[in-house]
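Chain by chain, the residues:
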Amino acid sequence: MAQETRQNTVPTHPTYDAEALTKGGGQAQIVLGEQVYTLRITRQGKLILTK
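J.: How should the overall build of the protein chain be read in this particular structure?
T.: A tally of helices and strands in the protein chain yields 1 helix and 3 strands. In sequence order, the secondary structure elements of the protein chain are arranged as α-β-β-β. Classification of the 51 residues of the protein chain by burial places 14% in the buried group. Restricting to contacts in the protein chain with at least 6 residues of sequence separation, those with at least 24 account for 2%. When the accessible surface of the protein chain is split by element, carbon and sulfur atoms take 51% of a total near 5,200 Å².

Shown next, in the form of structure tokens:
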């Protein structure tokens, strides 16, 4: 059986670059309704989203 590859598929969801969202600063504020969340990029390159 052939395995399906996803290299040439178009994403079905909006895709954002985390570094572009933070403008290189490592943190961004995201608003959902009346709530404000903080997106942070860690030194290890992981993402943390907090309220």
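J.: What is the right way to look at the side chain of T38 in this model?
T.: Tracing the chain through its elements places T38 in strand β2 (residues 35-41). There is a polar contact of 3.2 Å between the side chain of T38 and the side chain of Q29. Leaving out residues up to four positions away in the same chain, T38 has contacts with Q27, A28, Q29, I48, L49 and T50.

J.: I would appreciate a short explanation of the pairing of β2 in the present structure.
T.: If a strand is regular, its side chains alternate between the two faces of the sheet. Both strand β1 (residues 27-32) and β2 contribute to a ladder of 6 bridges, which runs antiparallel. From the neighbouring strand, L32 faces β2, where its bridge partner is Q35. In terms of strand pairing, β2 meets strand β3 (residues 47-50) through 4 bridges, oriented antiparallel. Its bridge partner lying in β3, T38 is registered against T50. Where β2 folds back on β3, the antiparallel hairpin that results is connected by 5 residues, among which G45 adopts a positive phi of roughly 80°.

J.: I'm lost on unusual backbone geometry in this one. Help?
T.: Most peptide bonds take the trans form, and the phi angle of most residues other than glycine is negative. With phi around 55°, K23 is a residue other than glycine that occupies positive phi space. Mapped onto the secondary structure, K23 falls in the loop between α1 (18-21) and β1.

J.: Please explain the sheet that holds β1 as it appears in this structure.
T.: Sheet strands line up and pair through hydrogen bonds in the backbone, either parallel or antiparallel. One open sheet holds the 3 strands; their spatial order is β1-β2-β3, and the pairing between them is antiparallel. The open sheet terminates on both sides in strands that have one partner only, identified here as β1 and β3. The sheet shows a mean angle of 25° between the axes of neighbouring strands, taken without regard to direction.

Cut-offs and rules
- Residues numbered from 1 in each chain as written.
- Predicted model: local features only at pLDDT ≥ 70, side-chain atom pairs only at ≥ 80, totals over all residues.
- Heavy atoms only, no water.
- Helix = DSSP H or I, 4+ residues; strand = E, 2+ residues; numbered from the N terminus.
- Buried < 20%, exposed > 50% of the residue type's maximum accessible area, 1.4 Å probe, protein only.
- Contact = heavy atoms within 4.5 Å.
- Areas by Shrake-Rupley, 256 points an atom, 1.4 Å probe, with all protein chains shown as cover.
- Polar contact = N/O pair within 3.5 Å; in protein donor to acceptor, adjacent residues only side chain to side chain.
- Pairing = 2+ DSSP bridges.
- Axes fitted to C-alpha atoms, helices over the stretch in contact; angles between N-to-C directions.

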